[in-house]
Amino acid sequence: MKPDSQLAKNLESVKQQIAEAAERSGRAADGIKLVAVTKYVPVNVIRPLVQLGCRDLGESRPQALWEKAAALGDMPVEWHMVGHLQRNKVDRTVPLVSLVHSGDSLRLLQAIDAAASAIGRRVPVLLEINVSGDATKHGFAPAEVESLLPAIVALPHIEVRGLMGMASREGDLEQARREFAGLRQLRDRLQQVAPPEIKLTELSMGMSGDFEIAVEEGATIVRVGSALFT
Ligand SMILES: *Cc1c(COP(=O)(O)O)cnc(C)c1O
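Structural notes, computed from the coordinates. What you see is a predicted model, and the numbers here were worked out from it, not measured in a lab.

## A few points about the overall build of the protein
When helices and strands are tallied, the protein shows nine helices and eight strands. Radius of gyration (C-alpha) of the protein: 17 Å, near the 17 Å computed for a compact globule of 230 residues. Structurally, the protein occupies a C-alpha span of about 50 × 40 × 30 Å along its principal axes. When each of the 230 residues of the protein is scored for burial, the buried share is 47%. In the protein, once contacts between residues fewer than 6 apart in sequence are set aside, the share between residues at least 24 apart is 60%.

## Details of helix α7 (residues 173-193)
Its 21 residues place the ends of α7 31 Å apart at the C-alpha level, agreeing with the 30 Å of an ideal helix rising 1.5 Å per residue. Buried within α7 are the following residues: Ala176, Glu179, Phe180, Ala181, Leu183, Leu186, Arg187 and Leu190. Buried residues belonging to α7 abut β5 (123-129), α6 (145-153), β6 (158-165), β7 (202-205) and α8 (211-216). With a side-chain oxygen positioned 2.9 Å from the backbone nitrogen of glutamate 174, the residue opening α7 is aspartate 172.

## Here we look at the site of the ligand
Surveying the vicinity of the ligand reveals the residues Val37, Lys39, Tyr40, Ser60, Val82, Met166, Met207, Ser208, Arg223, Val224, Gly225 and Ser226. When the ligand is considered free in solution it has 390 Å² of accessible area, and contact with the protein chains removes 89% of it. Looking at side-chain class alone, the shell around the ligand contains six nonpolar, four polar and two charged residues.

## Details of the side chain of threonine 93
Topologically, threonine 93 is positioned in helix α4 (residues 90-93). The buried category is assigned to threonine 93, whose relative accessible area is 0%. There is a polar contact of 2.9 Å between the side chain of threonine 93 and the side chain of tryptophan 66. With residues up to four places along the chain from it excluded, the contact list for threonine 93 reads Pro62, Trp66, Met81 and Leu85.

## Structural notes on the nonpolar core
Formed by 66 residues in total, the largest nonpolar core has its most connected members in Leu57, Leu109, Ile112, Leu127 and Ile129. Element by element, the count of residues in this core is highest for helix α1 (residues 4-24), at six residues. In contact with leucine 127, not counting residues within four places along its chain, are His101, Gly103, Leu109, Phe140, Val145, Leu149, Ile152, Val160, Gly162, Leu163 and Met164.

## Overview of the pattern of salt bridges
Applying the stated criterion across every chain, the model contains ten salt bridges. Between glutamate 159 and arginine 161 there is a salt bridge, with the nearest N and O atoms lying 3.0 Å from each other. A salt bridge links arginine 184 to glutamate 217; the shortest N-O distance between them is 2.9 Å. One end of the pair, arginine 184, is in helix α7; the other, glutamate 217, is in the loop between α8 and β8 (221-224), with 33 residues separating them in the sequence. A single network of salt bridges, built from pairs that share partners, joins Arg24, Arg177, Arg184, Glu212, Glu216 and Glu217.

## Focus on the environment of isoleucine 112
Looking at the secondary structure, you find isoleucine 112 in helix α5 (residues 106-118). Since its relative accessible area comes to 0%, isoleucine 112 is described here as buried. It is 6.9 Å that separates the C-alpha atoms of isoleucine 112 and valine 94, two residues lying 18 residues apart in sequence. Discounting chain neighbours no more than four positions away, the residues touching isoleucine 112 are Leu85, Val90, Val94, Val100, Val123, Val125 and Ile158.

## Let's talk about the side chain of histidine 101
On the secondary structure map, histidine 101 appears in strand β4 (residues 97-103). Taking the relative accessible area as the measure of exposure, histidine 101 reaches 0% and is therefore buried. Among the polar contacts listed, one links the side chain of histidine 101 to the side chain of histidine 80, at a separation of 2.8 Å. Residues in contact with histidine 101, not counting those within four places in the same chain, are Val35, His80, Met81, Val82, Leu126, Leu127, Glu128, Met164, Ser204, Ile221 and Arg223.

About the thresholds
- Residues numbered from 1 in each chain as written.
- Predicted model: local features only at pLDDT ≥ 70, side-chain atom pairs only at ≥ 80, totals over all residues.
- Heavy atoms only, no water.
- Helix = DSSP H or I, 4+ residues; strand = E, 2+ residues; numbered from the N terminus.
- Rg over C-alpha atoms; globule rule 2.2 N^0.38 Å.
- Buried < 20%, exposed > 50% of the residue type's maximum accessible area, 1.4 Å probe, protein only.
- Contact = heavy atoms within 4.5 Å.
- Expected span 1.5 Å × (residues − 1).
- Polar contact = N/O pair within 3.5 Å; in protein donor to acceptor, adjacent residues only side chain to side chain.
- Near = heavy atom within 4 Å.
- Areas by Shrake-Rupley, 256 points an atom, 1.4 Å probe, with all protein chains shown as cover.
- Nonpolar A, V, L, I, M, F, W, Y, C, P; charged D, E, K, R; others polar.
- Core = buried A, V, L, I, M, F, W, Y, C linked by side-chain atoms within 4.5 Å.
- Salt bridge = Lys/Arg side-chain N within 4 Å of Asp/Glu carboxyl O.

Such coordinate-based values are descriptive only and should not be taken to indicate function.
Pasting the structure below:
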């Protein structure tokens, strides 16, 4: 565990990098949300982070999100589900989250819709797209999502806000840039065919190794873990 001053430094440095990347691409830094992915750290490290003003927190495993949300129930946290959400975990997760980034199948979205309906909410979701084509990754294939869009947007208790994607693992930054640009173009194309009340404004892309490139390519949300906690 690092002292809080290290955490504060890391947070400042990530924010600075986001601001500089935004400036390079002629965008406003305040249009980009930092989600701190807290999967590596226990709640005693998360508390100071929230006290430093970082209120958007992400977890990739539902069970960890439940536990941390309960432990931090006294703090002003917006929870983001960023990893694969199994359908049998939807009922417990939906009441806790501000945004599900990982809407990766129609069946999952239907389950989220039902759980949201049961608590009288409309849940914001992103459609996860398998941009790298990696068969081990979750997400809609870029080519299938347009034909599924009518069924997705018809779900009354889901509010589709945009797309989420992860670059290939290999760490080739030019490849990551192409994948992020592809996600942005897919979003633009889907927006043209979507009903006008659907606003695909969000692009959740970029992690510790590639968030600056993601911002340059149009990310509105970056999901950063290890750069904050090392
Ligand atoms: C772990 C994780 C992140 C953060 O990864 P880092 O490389 O540690 O910044 C972002 N998104 C998802 C879906 C993750 O699982």
